[in-house]
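Each chain, letter by letter, is given below.
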Amino acid sequence: MVIKLYQQLALALGTWVIRLRISAMKLRPSKQSIKAGARVIDTAEMYGNGNSEQLVGQAIQNLDRKELFIIDKVLPNNASSDQLPKSLDASLARVGTDYFDLYLYHWRGGIPLPETVKALQDAQNAGKIRHWGVSNFDLADMKELLSLPGGSEVAANEDLYNLGSRGTEFDLQSWQVNQKIPFIAYTPIAQGDRFGQQLTTNRTIQAIAEEHQATPYQILLAWTIRSGNVLAIPQTSDPIHAAENVKAGDIEFTEEELELIDNSFPKPTNKQPLDIL
Ligand SMILES: NC(=O)c1ccc[n+]([C@@H]2O[C@H](COP(=O)([O-])OP(=O)(O)OC[C@H]3O[C@@H](n4cnc5c(N)ncnc54)[C@H](OP(=O)(O)O)[C@@H]3O)[C@@H](O)[C@H]2O)c1
């Protein structure tokens, strides 16, 4: 069911950067993104120490909750049997909703994984989350998770993935496809070249963008979700970018274009450490 939903939605709205500048101005783009067609909202108790969740709450006021798919995340230190229910209640209150569609364990910390899984299952049984998942898990973490009681109920894994960071293609993504566990790509457009990888200024990317009458950013985004098995959650504070990002979901590449992209940004040929932001 989750996979089906992801395939329909494909593009979502990240709220990470909201943590940097909390203001009413930041709310407008969130509303614009939702208006433009983004239906998945990705937030976390960590972002702005809850401020991001409050802004999401304001942005979704007057919208039909059933039309939205809200992802929230619990911090590793709060992922214990005692603390997780309290963190979850606080997050739900800030967003102003009775449930999250997906609640992720933000990254692995010191709390034993079986305890966190049990706490997530309890939250699901209580009806406060529809599904639970993980973030920043590599293949070994996922296999360990699936070996635990209830671990195979994991609904998604959210990891860093973009054209400049293809490591998860080596084994993790195909394994998740086989296990039918959706892969959510965070930082899907590499924060617009912030990491100095020159993705948007690459001549191949620019030529393909011209061919599709699109921007290089749209090409990066469309590339990230090209398989149909990946949900991307780009962040933008610009309403025009938000609309462009939603439209990127319509771009389809030819085999030749994908080969050209592979030549400039090769697929991984060996296991690489998981990139984390
Ligand atoms: N699970 C985790 O551990 C984790 C970690 C990091 C992030 N995340 C999630 O992933 C989301 C996205 O990641 P991110 O913010 O790191 O990176 P990103 O989405 O790859 O990049 C965001 C940057 O790209 C620019 N941008 C977006 N669309 C554009 C367009 N069409 N044209 C030109 N520039 C564009 C934005 O600037 P403008 O505002 O000017 O458009 C912004 O500076 C976050 O919001 C968060 O929800 C999750």
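Residues numbered from 1 in each chain as written. Predicted model: local features only at pLDDT ≥ 70, side-chain atom pairs only at ≥ 80, totals over all residues. Heavy atoms only, no water.

## With respect to the UniProt feature "site: Lowers pKa of active site Tyr" (unreviewed entry) in the chain
According to UniProt, the feature "site: Lowers pKa of active site Tyr" (unreviewed entry) maps to Lys-73 in the numbering used here. Here Lys-73 shows up in strand β3 (residues 69-74). Here Thr-43 takes part through its backbone oxygen, which lies 3.1 Å from a polar atom of the side chain of Lys-73. (UniProt positions renumbered as here; feature names shortened; annotations may be inferred. Helix = DSSP H or I, 4+ residues; strand = E, 2+ residues; numbered from the N terminus. Polar contact = N/O pair within 3.5 Å; in protein donor to acceptor, adjacent residues only side chain to side chain.)

## Focus: the nonpolar core
Side chains of nonpolar character tend, in soluble globular proteins, to be buried together. Counting 56 residues, the largest nonpolar core has Phe-100, Tyr-103, Met-142, Leu-145, Leu-163, Ile-219 and Phe-253 as its most contacted members. Once you skip the residues sitting within four places of it in the chain, Tyr-103 turns out to touch Asp-72, Lys-73, Val-74, Leu-84, Ser-87, Leu-88, Leu-120, Ile-129, His-131, Trp-132 and Gly-133. If you look at the next biggest cluster of nonpolar residues, it comprises twelve residues, including Val-40, Ala-155, Ile-184 and Ile-233. (Core = buried A, V, L, I, M, F, W, Y, C linked by side-chain atoms within 4.5 Å. Buried < 20%, exposed > 50% of the residue type's maximum accessible area, 1.4 Å probe, protein only. Contact = heavy atoms within 4.5 Å.)

## Re unusual backbone geometry
Its identity as a non-glycine residue notwithstanding, Gln-198 has a phi of 55°, on the positive side. Residue position: Gln-198 is located in the loop between α8 (190-193) and α9 (203-211). Look at Gln-198 and you get exposed, because its relative accessible area is 55%.

## A short note on the pairing of strand β7 (residues 183-186)
Of the two faces of β7, the one holding Phe-183 and Ala-185 and the one holding Ile-184 and Tyr-186 are both buried throughout. Pairing analysis gives four bridges linking strand β6 (residues 157-160) to β7, with the strands arranged parallel. Residue pairing in the sheet places Asp-159 in a bridge with Ala-185 of β7. A crossover connection joins β6 to the parallel β7 through helix α7 (residues 172-179); in handedness this β-α-β unit is right-handed. Inspection of the sheet shows β7 paired to strand β8 (residues 230-232) by three bridges, in the parallel sense. Across the sheet, residue Ile-184 finds its bridge partner in β8, namely Leu-231. (Pairing = 2+ DSSP bridges. Right-handed = clockwise from strand over helix to strand, strands pointing away.)

## Describing the confidence of the model for the chain
Averaged over all residues, the pLDDT of the chain equals 86, while 86% of them reach at least 70. Here residues 1-12 is a poorly scored stretch, pLDDT under 50, and it has 39 contacts once near neighbours within four places are set aside; other chains count. Contacts for the low-pLDDT stretch residues 16-29, under 50 throughout, to residues beyond four places or in other chains number 26 contacts. (pLDDT = per-residue confidence, 0-100.)

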